[in-house]
Amino acid sequence: MYWKYALKRILIAIIVFIVIIFIFSLLFNKVAETTLKGQIDEIVKAEVLSMSKNNRNIDIGEYRKSRLEFYYKKYHMNDSYVEKVFWRTYDTVTFNFGRATNMKSSRGSDKVVDIIAEALPRTLILFTVAIIIEIILGIWIGLKKAQKAGGAMDKSTSVATMIVFGMPSWWLGMIMIMFFAYVLKLFPSGGMHSVPTPEGFAYFLDYVYHLILPVFTLVLLGFWGNAFLTRNIVLGTLQEDFIMSARARGIPEKNILFGHTLRTSAPPIITMALLSLLGSIGGNLVFEGIFSWRGMGNLYWSAVQSNDIPVLIGNLAVTTGIYMIGLVILDLIYGFLDPRIKVGG
């Protein structure tokens, strides 16, 4: 039954996610422990200073020792190495990332969850908009290429695909900035808002204005490949007997192309689209840096530069979790579209 198939896929995804987080915790345990000790020392220093001002009769040394013991016990600092890795895995899986070492959100919060919650929507908006446009353009051009395979449009776009696929995203991004921002002066060279930042509806328009150039660059890079893959998928379907039969019955070519052919080719096209979207969740580190877009890729680079391990682990955990959720959704869609998959055929 379908619900058993769905439950199995969800359970497998949860297990894989826990294993991946365990590996992250194992790799970062030593550095994370050093960072946590530094944070505990800072907290205890602040508590000792506050207590010494309010109560002059207290034994500062004894109070400091008791507070250190309290925090070491709370965060399992005195446990064995394996136990520390286990508790760090548990905290990460439950999204208890703690506080950042050096970084803060725009509102001044040092909680890792707040910092990630601020960066994640920016990456989702940028790459989701770009990928949706890429998919629409890619499918439309791919269908046209398959319809007249070997024609002038098919050959010219195939050559363009090979050329564009050889371009690094950072190189094309810099070219686009130079041309559109400095030569034509149509768009800003980077950032997410103008200075000073407008308010109200003008804030939204300014955000869209800054979004246009990076989205245009991503679309220019991505839709050629989608078109080429769609063309190859659809071209195989057009050779099937039921397509020939539909043409023999006099069904219009448009209905055959968008109805029969596209519906049959849907599973691999959906896979291509969803995997492209999932691959962008973590953000493109170099691309976001070029356009000064403060998303997940930029956050990852900032965390590495500032050696902020809690933010780094939180970033990896969130992007991995979203990717696993996407793969589960992809499996469920496949199982719905093709009953042979969910019964192990």
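Conventions adopted
- Residues numbered from 1 in each chain as written.
- Predicted model: local features only at pLDDT ≥ 70, side-chain atom pairs only at ≥ 80, totals over all residues.
- Heavy atoms only, no water.
- Core = buried A, V, L, I, M, F, W, Y, C linked by side-chain atoms within 4.5 Å.
- Buried < 20%, exposed > 50% of the residue type's maximum accessible area, 1.4 Å probe, protein only.
- Helix = DSSP H or I, 4+ residues; strand = E, 2+ residues; numbered from the N terminus.
- Phe/Tyr/Trp six-rings, centres within 6.5 Å; stacked < 30°, edge-to-face > 60°.
- 1 Å grid on protein atoms, 1.4 Å probe; cavity = no way out; pocket = protein on both sides within 12 Å on 5 of 7 lines; lining within 4 Å.
- Points joined across faces, edges and corners; volume = space filled by probe spheres on them.
- Nonpolar A, V, L, I, M, F, W, Y, C, P; charged D, E, K, R; others polar.
- Expected span 1.5 Å × (residues − 1).
- Arc of directions from axis to C-beta.
- Salt bridge = Lys/Arg side-chain N within 4 Å of Asp/Glu carboxyl O.
- Axes fitted to C-alpha atoms, helices over the stretch in contact; angles between N-to-C directions.
- Left-handed = near helix turned anticlockwise from the far one by under 90°.
- Contact = heavy atoms within 4.5 Å.
- pLDDT = per-residue confidence, 0-100.

With respect to the nonpolar core
Here is step 1 of the chain: In this structure, Met103, Ile116, Met296, Leu299 and Val311 are the most contacted members of the largest nonpolar core, which totals 27 residues.
Here is step 2 of the chain: Looking at this core, the elements with two or more residues in it are helix 1 (2-54), helix 4 (112-147), helix 12 (296-305) and helix 13 (309-337).
Here is step 3 of the chain: Among the nonpolar cores identified, the runner-up in size contains 25 residues, and Phe180, Leu218, Val219 and Trp293 belong to it.

Focus: the packing of aromatic side chains
Here is step 1 of the chain: Throughout the structure, instances matching the rule amount to 14 aromatic pairs.
Here is step 2 of the chain: Ring centres of tryptophan 87 and tyrosine 90 lie 6.0 Å apart, and the angle between their planes is 85°; on these two criteria the pair is classed as edge-to-face. Taken together, the positions of tryptophan 87 and tyrosine 90, both in helix 3 (residues 81-93) and three residues apart, correspond to about one turn of that helix.
Here is step 3 of the chain: According to the relative accessible area criterion, tyrosine 90 is partly exposed, its value standing at 46%.
Here is step 4 of the chain: Aromatic rings pair up to connect Phe179, Phe180, Phe187, Tyr209 and Phe216 into one cluster.

Some words on the layout of surface pockets
Here is step 1 of the chain: The volume enclosed by the largest pocket comes to roughly 800 Å³.
Here is step 2 of the chain: Around the largest pocket sit 33 residues that line it, and Leu36, Gln39, Phe97, Gly98 and Arg99 are the ones nearest its centre.
Here is step 3 of the chain: Mapped by element, the contributors of at least two residues to the lining of the largest pocket are helix 1, helix 3 and helix 13.
Here is step 4 of the chain: The leading source of residues in the lining of the largest pocket is helix 1, at nine residues.
Here is step 5 of the chain: Within the lining of the largest pocket, the residues separate by chemical class into 14 nonpolar, 10 polar and nine charged.
Here is step 6 of the chain: Of the pockets and cavities examined, the second largest pocket occupies roughly 380 Å³.
Here is step 7 of the chain: Contributions of two or more residues to the lining of the second largest pocket are made by helix 4, helix 5 (152-165), helix 7 (201-238) and helix 10 (266-279).
Here is step 8 of the chain: Here the element with the most residues in the lining of the second largest pocket is helix 7; it accounts for five residues.
Here is step 9 of the chain: The class makeup of the residues in the lining of the second largest pocket is eight nonpolar, nine polar and one charged.

Some points on helix 3
Here is step 1 of the chain: Compared with an ideal rise of 1.5 Å per residue, which puts 13 residues at 18 Å, helix 3 spans 18 Å between its outermost C-alpha atoms and is within 8% of the ideal.
Here is step 2 of the chain: For helix 3, the full list of buried residues reads Lys84, Val85, Arg88, Thr89 and Thr92. Down the axis of helix 3, the smallest arc covering the buried residues is 135°, so these residues share one side.

Brief notes about the pattern of salt bridges
Here is step 1 of the chain: This model, assessed by the stated rule, comprises six salt bridges.
Here is step 2 of the chain: Residue glutamate 47 is joined to arginine 67 by a salt bridge in which the shortest nitrogen-to-oxygen separation is 2.7 Å. Here glutamate 47, found in helix 1, pairs with arginine 67, found in helix 2 (residues 60-74); they are 20 residues apart in sequence, far enough to count as distant.
Here is step 3 of the chain: Residue glutamate 118 is joined to arginine 122 by a salt bridge in which the shortest nitrogen-to-oxygen separation is 3.9 Å. You can see glutamate 118 and its partner arginine 122 sitting in helix 4, four residues apart, about one turn around the helix.

Examining the packing of helix 1 against helix 2
Here is step 1 of the chain: Contact pair helix 1 / helix 2: the axes reach a minimum separation of 10 Å and the direction vectors enclose 140°. The element helix 1 and its partner helix 2 pack so that their crossing is right-handed. Within the contact between the two elements, helix 1 uses Lys37, Ile40, Asp41, Ile43, Val44, Lys45, Glu47, Val48, Met51 and Ser52 and helix 2 uses Ile60, Tyr63, Arg64, Arg67, Leu68, Tyr71 and Tyr72.
Here is step 2 of the chain: Of the residues belonging to the contact of helix 1 with helix 2, the class tally is 10 nonpolar, one polar and six charged.

Points about the confidence of the model for the chain
Here is step 1 of the chain: Averaged over every residue, the pLDDT of the chain is 84; the share at 70 or more is 95%.
Here is step 2 of the chain: Per-element mean pLDDT across the chain ranges from 57 in helix 14 (residues 339-342) up to 89 in helix 6 (residues 169-183).

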